Each structure stands twice: as structure tokens, then as C-alpha cells.
Amino acid sequence: PDPSGINTSARVLETVHGNETWAGIFVDIKGGFDFTTETEIAVMVWAPAAGTFRIKLEDRDNSNIFVEKDVTVTTANAWEEIFIDFSGEPVDAYNRLVLFPGWDMANAGTFYIDNIEQR
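Residues numbered from 1 in each chain as written. Predicted model: local features only at pLDDT ≥ 70, side-chain atom pairs only at ≥ 80, totals over all residues. Heavy atoms only, no water.

Student: How would you sum up the side chain of Thr 15? Please name residues and give values.
Tutor: Positionally, Thr 15 belongs in strand 1 (residues 13-17). Overall, the relative accessible area of 14% leaves Thr 15 in the buried class. Once residues within four sequence positions are removed from consideration, Thr 15 is found in contact with Ile 25, Pro 101, Gly 109, Thr 110, Phe 111 and Ile 113. (Helix = DSSP H or I, 4+ residues; strand = E, 2+ residues; numbered from the N terminus. Buried < 20%, exposed > 50% of the residue type's maximum accessible area, 1.4 Å probe, protein only. Contact = heavy atoms within 4.5 Å.)

Student: Could you give me a rundown of empty space enclosed by the protein, with the residues and numbers involved?
Tutor: One pass over the structure, following the stated rule, counts 1 cavity of 30 Å³ or more. Of the volumes computed, that of the largest cavity is approximately 50 Å³. Ala 47, Ala 49, Ala 50, Gly 51, Thr 52, Phe 53, Val 73, Gly 102, Met 105 and Phe 111 are the residues that line the largest cavity. Among the elements that take part in the lining of the largest cavity, strand 4 (residues 51-59) stands out by supplying 3 residues, more than any other. A per-class count over the lining of the largest cavity returns 7 nonpolar, 3 polar and no charged. (1 Å grid on protein atoms, 1.4 Å probe; cavity = no way out; pocket = protein on both sides within 12 Å on 5 of 7 lines; lining within 4 Å. Points joined across faces, edges and corners; volume = space filled by probe spheres on them. Nonpolar A, V, L, I, M, F, W, Y, C, P; charged D, E, K, R; others polar.)

Student: Give a detailed account of the environment of Val 43, specifying residues and quantitative values.
Tutor: Relative to the helices and strands, Val 43 is located in strand 3 (residues 40-46). Aside from chain neighbours lying at most four places away, what touches Val 43 is Phe 53, Ile 55, Glu 80, Glu 81, Ile 82, Ile 113, Asp 114, Asn 115 and Ile 116.

Student: Quick one: what's the story with the pattern of salt bridges, residue by residue and with numbers?
Tutor: Enumeration over the complete set of coordinates arrives at 7 salt bridges. Across the salt bridge formed by Arg 96 and Asp 28, the nearest N and O atoms sit 2.6 Å from each other. Remark: Asp 28 occurs in strand 2 (residues 25-28) and Arg 96 occurs in strand 7 (residues 96-100); sequence separation between them is 68 residues. Between Glu 58 and Arg 96 there is a salt bridge, with the nearest N and O atoms lying 3.2 Å from each other. Placement of Glu 58 in strand 4 and of Arg 96 in strand 7 is noted, with a sequence separation of 38 residues between them. On the accessibility criterion, Arg 96 (16% relative accessible area) is buried. (Salt bridge = Lys/Arg side-chain N within 4 Å of Asp/Glu carboxyl O.)

Student: Account for the sheet that holds strand 4, with residues named and values stated.
Tutor: Two pairing modes exist for strands in a sheet, parallel and antiparallel, and in both the strands are linked by backbone hydrogen bonds. Read across the open sheet, the 4 strands follow the order 2-7-4-5; overall the sheet is antiparallel. Among the strands making up the open sheet, the edge pair consists of strand 2 and strand 5 (62-73). Within this sheet the neighbouring strands show an average axis-to-axis angle of 20°, counted without direction. (Pairing = 2+ DSSP bridges. Axes fitted to C-alpha atoms, helices over the stretch in contact; angles between N-to-C directions.)

Student: A description of the side chain of His 17 should follow, citing residues and the corresponding values.
Tutor: Residue placement: His 17 occurs in strand 1. Leave out the neighbours within four places in its chain, and His 17 touches Ala 23, Pro 101, Gly 102, Met 105, Asn 107, Ala 108, Gly 109 and Phe 111.

Student: With reference to specific residues and values, describe the packing of aromatic side chains.
Tutor: Per the counting criterion, the structure on display carries 4 aromatic pairs. Judged by centre distance (5.4 Å) and plane angle (65°), the rings of Trp 46 and Tyr 112 are edge-to-face. Pair noted here: Trp 46 is in strand 3 and Tyr 112 is in strand 8 (residues 109-118), with a separation of 66 residues, a long-range link. The burial state of Trp 46 is the same as that of Tyr 112; both residues are buried. Directly above the aromatic system of Phe 66 lies the positively charged group of Lys 56, at a separation of 4.7 Å from the ring centroid. We note Arg 96 situated over the ring of Phe 26; from NZ or CZ to the ring centre the distance is 4.1 Å. (Phe/Tyr/Trp six-rings, centres within 6.5 Å; stacked < 30°, edge-to-face > 60°. Lys NZ or Arg CZ within 6 Å of the ring centre and 35° of its normal.)

Below you can see the structure in the form of C-alpha cells.
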């Protein structure tokens with residue numbers, strides 16, 4: 001969509017934010033997250049407007065076990081790398097990653113996401 005700046009990838013994830021303010025996408029992972037040494041999750045995001053990006057980690061078998069963190073996307077219409085600190089979270093408690101681009105905004109537009117990494 002926009003191979004420029006800090007992300008020149010030819011393939012990225014595209015998600016069109018619907019009219020629900022809480023619309024998101026998720027992926028289940030094998031095992032669980034361990035934030036003992038690598039305490040952050042980094043995400044490259046291309047957003048149509050600045051705003052809040054929420055990341056939620058949860059136990060896919062028990063939706064009552066979760067943690068949510070917000071980060072502000074400050075750049076519109078360009079790639080930005082965002083970082084979310086999960087230090088201190090329990091080992092292997094979460095095995096689902098949920099992304100909420102355009103958190104709390106209805107019809108926020110089309111977002112592109114790439115290079116999701118634990119660091």
C-alpha cells in the first residue's frame with residue numbers, strides 16, 4: 001500500500017475499521033507470551049489519522065484473563081513504529097494477541113499493520 005519510510009514491505013496486513021468503536025482483529029499464538037527479558041511488543045502501523053491504538057493480550061480459553069494497553073499513533077498516512085511495554089506480566093498467561101487500530105473511533109478507515117514483534 002505504501003512501501004516507504006521505515007517500512008518498504010510489499011505485503012502487509014490491511015484492515016478496514018468498521019462502524020464499531022471496538023472493532024479489532026486477533027491471532028492465537030502457540031504457547032504463551034514471556035515478558036521476562038523481551039518486555040515490549042512493537043508494531044508498524046500506517047493509520048489514516050492520529051489516534052489511539054489498543055493492544056490486548058488474553059487467554060483464549062478464559063476471556064476474563066487479559067491485559068489491555070493503549071498507545072498513541074502520532075503520524076497519519078505514513079508508517080510509524082509503536083511500542084507497548086508489558087513488563088511485569090505473568091509468564092505464559094496470554095496466548096492471544098488482539099489489535100484495535102482506531103480504538104474508540106467509529107469508521108476510522110483503513111489501517112495497514114506489519115512487523116509485529118516481541119522485543
